[in-house]
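Commentary on secondary and tertiary structure
Spelled out, the chains give:
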Amino acid sequence: MNNFSNQDEKELEKLGAFEISRKMLALAQKNEQSNIFLNAGRGNPNWIQTISRLAFARLVQFGVYDSKQTIDNGIMAGYMPTEGIRERLFAFLDPDKNEEDQFLVDAVNYCHDTLKLDRDDVVAEWVNGVIGNDYPVPDRCLKNTQVIINHYLQGLSYEGVDLENETQLFPTEGATAAIVYAFHSLSENHLLNKGDKIAINTPIFTPYLRIPELNDYDLVEVDLHSYEKNNWEINPKEIEKLADPSVKAFIVVNPTNPTSKEFDETALTAIKQATTKNPDLMIISDEVYGAFVPHFKSIYSVVPYNTMLVYSYSKLYGCTGWRLGVIGLNDENVFDHNISKLDAADKAELNKRYGSNVLDPAKMKFIDRLVADSRSIGLYHTAGLSTPQQIMESLFSLRHMLTTTNGGTSDPYIEIARKLVDKRYQDLHKAMGAPEDNTDTNTHYYSLIDVYRLAEKTYGKEFRDYLADDFQQVDFLLRLAEKNGVVLVDGVGFGAKPGELRVSQANLPTNDYAVIGKQVLDVLKDYYKEFEDKNSKK
Ligand SMILES: *Cc1c(COP(=O)(O)O)cnc(C)c1O
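The chain is annotated in an unreviewed UniProt entry as Aspartate 4-decarboxylase from Lactobacillus taiwanensis.

Throughout the structure, instances matching the rule amount to 30 aromatic pairs. Each ring, one from tyrosine 311 and one from tyrosine 313, has its centre 5.2 Å from the other, and the planes form 80°; the classification is edge-to-face. Owing to a relative accessible area of 3%, tyrosine 311 belongs among the buried residues under this scheme. Geometrically, the ring pair formed by tyrosine 528 and phenylalanine 531 is tilted, given 5.8 Å between the ring centres and 35° between the ring planes. Residue tyrosine 528 and its partner phenylalanine 531 are both found in helix H22 (residues 512-537); the two are separated by 3 residues, about one turn of the helix. The exposure class assigned to phenylalanine 531 is buried, which follows from its relative accessible area of 9%. Through a chain of ring-to-ring contacts, the aromatic side chains of Tyr152, Tyr311, Tyr313, Tyr317, Phe396 and Tyr413 assemble into a single cluster.

Before going further, it helps to spend a moment on unusual backbone geometry. Backbone phi values are negative for most residues with the exception of glycine, while trans is the configuration of most peptide bonds. The omega torsion of the bond from valine 137 to proline 138 falls at -5°, within 30 degrees of zero and hence cis. Summarising the element assignment, proline 138 is placed in the loop between helix H6 (119-131) and helix H7 (143-157). Residues asparagine 257 and proline 258 are joined by a peptide bond in cis, for which omega reads 15°. Inspection of the secondary structure puts proline 258 in the loop between strand E7 (247-253) and helix H11 (265-277). Even without glycine at this site, serine 260 takes up a positive phi of about 60°. Position of serine 260 relative to the elements: it lies in the loop between E7 and H11. On the basis of relative accessibility, which here comes to 0%, the residue serine 260 falls in the buried class.

Neighbouring the ligand are 13 residues, the closest being Thr176, Asp286, Tyr289, Ser312 and Lys315. Relative to its free-state accessible area of 380 Å², the ligand is covered by the protein chains to the extent of 93%. Only helix H8 (174-188) and helix H13 (314-317) provide two or more residues apiece to the shell around the ligand. No other element matches the 3 residues that H8 contributes to the shell around the ligand. Residues of the shell around the ligand, tallied by class, amount to 5 nonpolar, 5 polar and 3 charged.

Conventions and cut-offs
- Residues numbered from 1 in each chain as written.
- Predicted model: local features only at pLDDT ≥ 70, side-chain atom pairs only at ≥ 80, totals over all residues.
- Heavy atoms only, no water.
- Phe/Tyr/Trp six-rings, centres within 6.5 Å; stacked < 30°, edge-to-face > 60°.
- Buried < 20%, exposed > 50% of the residue type's maximum accessible area, 1.4 Å probe, protein only.
- Helix = DSSP H or I, 4+ residues; strand = E, 2+ residues; numbered from the N terminus.
- Near = heavy atom within 4 Å.
- Areas by Shrake-Rupley, 256 points an atom, 1.4 Å probe, with all protein chains shown as cover.
- Nonpolar A, V, L, I, M, F, W, Y, C, P; charged D, E, K, R; others polar.

This is how it looks when you write it as structure tokens:
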């Protein structure tokens, strides 16, 4: 047994999955077998995309140097003159020597040739942006940045449905802020009220289970569940629940976390059908893992009117510390429509709320309300994602756009990222002798390991039943941490079944995944010994 009583374990189970995992880290670090400490609990990638970062650094160097033209007082400089800035940047860069300099030249030209943007204007936005000597203007999204990110999302996830020219963007401090802002504004605008029904696809990233339950929101959840026996694919029957008009919103992660599955064509069609029966359905679609499946098709591309897109650069580019996310809404969308249908009292209240922000608050779009609410209305004039962050989003986007024509499949960086998590997935599953899902709709970013199934496969049904009956949910994880130094996350916190554990294929050196597989089997073996001892005493 581990050193926790059943009571302790019950207490632990009340905590969120990530909080439990934090406790286990401490155990794992001084594990009894002095194994190396392996934390496969975090979804944080252990890789970074390099060239866009180097390009960012070059823009900072150039910008500082160029700023000395107007004020040059030791370590104080002024604003840079924008006239002729593209020419001066190109003269500063050395494309023969630095790959990132060549990238910047190509990127500026791409903005001009393909996106029809003005070269000087683009360079001025980037250099001023990375220097960061002005508030973000326009506050919601910088002008060229919006065109660039829109084109990026178009290629990455809309699969040929042309939406880039009808989508408004609000870059945010990661998808995290996007989620917080979305719930807050939906509630402030009476689009979601206490007691309203919202649907959630489970298992899901824990915050989506926690936020709606909080007192501020107090929403009633409708579960659209998927199961391992179907390879975690969602059954269209589950999606039919969305057709009920009492379901106000659908909060969806696609591809999923922790089950790592993309909604396939059948599921997407079912969503479209449900919206014909429930046309005012508001969908918030978190698509941060989109690039990890080939030919990803966003829910936004299927039902753009109903969907708020949430995207993050964090996972693909290894930039969680940067906080780079974005919200996208179609010019024509259900959120604006639902605001227009509010009763007179609610409208009057909202006109007052936003009356200090705009002259005609009744016409204020939901996406602009998100921006104003993100700074508590009063600080709207200093709203918006920091300009250096917005330029970093542009530079990650452009690198992808320069290496693909369309569709996102021929970006070597993305190919490498997919191969990396896939290799770790294969190693883990082979070491455990667990069944693999090698279909294209699996991102391989996380695995959800069914310990009971593994127990049955390795030692038989009776042992499985013993394991499922006799132990607290977190016991297995605690042993794994305490004895073997391996930290995984409990799947129950994600809405998975008891006995399902999440392994992240993002966070550890590739060689460790076979080790983790072996350690999981070792812990099972321990349990099996206890099981045999008990049986022999009977
Ligand atoms: C990691 C993750 C996020 C957080 O994204 P950030 O941009 O880093 O805030 C959001 N949603 C899901 C499903 C995630 O896995």
